[in-house]
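What follows is each chain in one-letter form.
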Amino acid sequence: MRIVWIAAEAVPFVKVGGLADVVGTLPRVLAARGHDVTVILPGYAAIDAPTTRTVRFQHAGASHQAPVGELHDAGIRFLFPRVAGFEGPQIYSGWQDGERFLRFSAAAAALVDADVVHVHDWHAALIPVLAAMGRVRCAATVLTLHNVAHQGQMDADWFLAQTGLPASLLTIDALEFYGKVNVLKGGIVFADAVTTVSPTYAGEIRTPAFGEGLDGVFRHHAGKISGILNGIDIDYWNPATDPLIPARFSAADIDGKLHCCEALRGELGLDGRVLGCVSRLVEQKGIDVVLDSLPDIIAAGCSVAILGAGDPILESRCENAARQHRGRVSFSRGYDEALAHRIYAGAEAFLLPSRFEPCGLTQMISQRYGTPPIAHAVGGLRDTIRDAETGFLFEGANPGALAGAIRRFAAHRDIAAMRHAAMTEDFSWTASADRYEELYRNLTASG
Ligand code: ADP
């Protein structure tokens, strides 16, 4: 099949979160299975790719053309249309993103000639709408929801002027959302199939608590929405070969893990059993819940190693906690790939009190490094952690519930067995790739 993926992020080019891991990894698996795979990303300034062609597209009532960078890697063709708005260093830029990603989507749509177009999150959710209007050369469209909290809402008249789409789309059954346009909603309505990145999240978004205002839309379109669990790149995230950790180890030979734990305690100046936390610092991830349970964490003989960046208020709360609880809390501000590896390998457990979690990758990575996750039982966390076998699940993202789960960890008699079970779970992309292939095949056979 000729498959085109369109998204805002992919490793190794640009990464903010798990979206980049998925878009950078799964297409490689599909290409290795013999499909003709193209991945289209915005032509960010940081991406160095030779220009091989020009794309012509309609946008904001005029014809445009933009140079397109192109790279080939692992059997995949990467295309980077260099449209206006992506010259700076930022991947996302707040209020300007509506204009940036509508323009990118128009250019990407013009590059498509495929059986299946698979788009990700609101940044590319305009494309199924354009396809439904006959403006994209493809047989079927798939939209994957990595996080429904981001929807791309904008003024309706401005949207029509940018996209040239008809005003007849501004109905409650299509793109209209409380008097504005909601691009993600348009993608959900018009895509042939919609997937979430875990089965549990597919059910959760039909409820007001998790639907971010779109729960009614998800209920209405439930018949075409399914959950396909993410995997991780098990070659990259492999403690037996990882060059970024102080000692290598595996489920069969765990000594290196103990060395990594010792080294992490030394590096960060922590006492006790270290609980790791590698996260974007945003409300979703519940870092405030960790900070509020610090007295209980310390009383349980543990300490916390936090690596993350994001909301300045959460960053300064982490800094204060580290100052107040020297030897028990360390805070490393920023995005640091190497330190993340050392924490996955050197922590004794991993904290994930996310308020919601569409899939989550860090609980899979930590299990692969023999670090049982202690996680709120939501979304993909529920689907990838077996309570009391590969980690600990708790109900309710609140300090009392988290502290209770940490006490269960501290009192657990056979962490070695749990570590072994976690390390031998299958988090490879194989099963997900099977499901996506089956979905693509069903869509193109019926189309
Ligand atoms: P989300 O996409 O919501 O941020 P995921 O768990 O799906 O959450 O993906 C997070 C990815 O980003 C993981 O690969 C994790 O290792 C990485 N990551 C998050 N924060 C940092 C950080 N501060 N430094 C290094 N890696 C990070």
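Residues numbered from 1 in each chain as written. Predicted model: local features only at pLDDT ≥ 70, side-chain atom pairs only at ≥ 80, totals over all residues. Heavy atoms only, no water.

Asker: I'd like a rundown of the layout of surface pockets, residues and numbers included.
Answerer: Volume-wise, the second largest pocket comes out at about 250 Å³. If you trace the second largest pocket, you find 17 residues lining it, with Val11, Asp21, Thr25, Asp233 and Tyr236 closest to the centre. For the lining of the second largest pocket, the element with the most residues is helix H1 (residues 18–32), which contributes four residues. For the lining of the second largest pocket, the class distribution of residues is nine nonpolar, three polar and five charged. Built from parts of two domains, the lining of the second largest pocket gets at least three residues from each of domain 1 (2–231 + 430–446) and domain 2 (255–423). (1 Å grid on protein atoms, 1.4 Å probe; cavity = no way out; pocket = protein on both sides within 12 Å on 5 of 7 lines; lining within 4 Å. Points joined across faces, edges and corners; volume = space filled by probe spheres on them. Helix = DSSP H or I, 4+ residues; strand = E, 2+ residues; numbered from the N terminus. Nonpolar A, V, L, I, M, F, W, Y, C, P; charged D, E, K, R; others polar. Domains from an automatic or database assignment.)

Asker: Residues and numbers for the sheet that holds strand S8 (residues 153–154), please.
Answerer: Strand order across the open sheet formed by three strands is S8-S10-S9, with antiparallel pairing between neighbours. Looking at the sheet topology across the chains shown, the edges are occupied by S8 and strand S9 (176–177). Bridge analysis of S8 against strand S10 (residues 180–182) gives two bridges, and the strand direction is antiparallel. When the bridges of S10 are listed, Met154 appears paired with Val181. (Pairing = 2+ DSSP bridges.)

Asker: Break down empty space enclosed by the protein for me, with residues and values.
Answerer: Taken as a whole and assessed by the stated rule, the structure comprises one cavity of 30 Å³ or more. Quantified by volume, the largest cavity comes out at close to 50 Å³. Cys277, Val278, Ser279, Lys285, Ile287, Leu351, Leu352, Pro353 and Ser354 are the residues that line the largest cavity. For the lining of the largest cavity, the leading source of residues is strand S13 (residues 273–281), giving three residues.

Asker: Let's hear about the pattern of salt bridges: which residues, and what values?
Answerer: Under the counting rule described, the total for this entry stands at 26 salt bridges. One salt bridge connects Arg382 with Glu395, and the closest N-O pair in it is separated by 3.5 Å. With Arg382 in helix H14 (residues 379–384) and Glu395 in the loop between strand S18 (392–394) and helix H15 (399–411), this pair connects stretches of sequence that are 13 residues apart. You can call Arg382 partly exposed: its relative accessible area is 38%. A residue is classified by how much of its surface remains accessible, and Glu395, at 56% relative accessible area, is exposed. Counted as one network, the salt bridges with shared partners bring together Arg33, Asp434, Glu437 and Arg441. (Salt bridge = Lys/Arg side-chain N within 4 Å of Asp/Glu carboxyl O. Buried < 20%, exposed > 50% of the residue type's maximum accessible area, 1.4 Å probe, protein only.)

Asker: An account of H1 is requested, with residue identities and associated values reported.
Answerer: Along its 15 residues, H1 runs 22 Å from first to last C-alpha, staying within 8% of the 21 Å computed at 1.5 Å per residue. Taking burial as the measure, the 15 residues of H1 include 11 buried ones, the bulk of the element. Those residues of H1 lying buried are Leu19, Ala20, Asp21, Val22, Val23, Gly24, Thr25, Leu26, Pro27, Leu30 and Ala31. Gly34 sits one or two residues past H1 and shows a positive phi near 100°. (Expected span 1.5 Å × (residues − 1).)

Asker: So what's going on with the site of the ligand? Which residues, and what values?
Answerer: By nearness alone, 19 residues border the ligand, and Gly18, Arg280, Lys285, Tyr344 and Leu361 come closest of all. In this structure, an oxygen atom belonging to the ligand sits 2.6 Å away from a side-chain N or O atom of Tyr344. At 2.8 Å from an oxygen atom of the ligand is found a main-chain nitrogen or oxygen belonging to Leu361. Put simply, the parts of the chain that give the shell around the ligand at least two residues each are H1, S13, strand S14 (302–310), helix H12 (337–346) and helix H13 (362–368). Looking at the shell around the ligand, the element that brings in the most residues is S13, giving three residues. Across the shell around the ligand, the residue classes tally to seven nonpolar, seven polar and five charged. (Near = heavy atom within 4 Å. Polar contact = N/O pair within 3.5 Å; in protein donor to acceptor, adjacent residues only side chain to side chain.)

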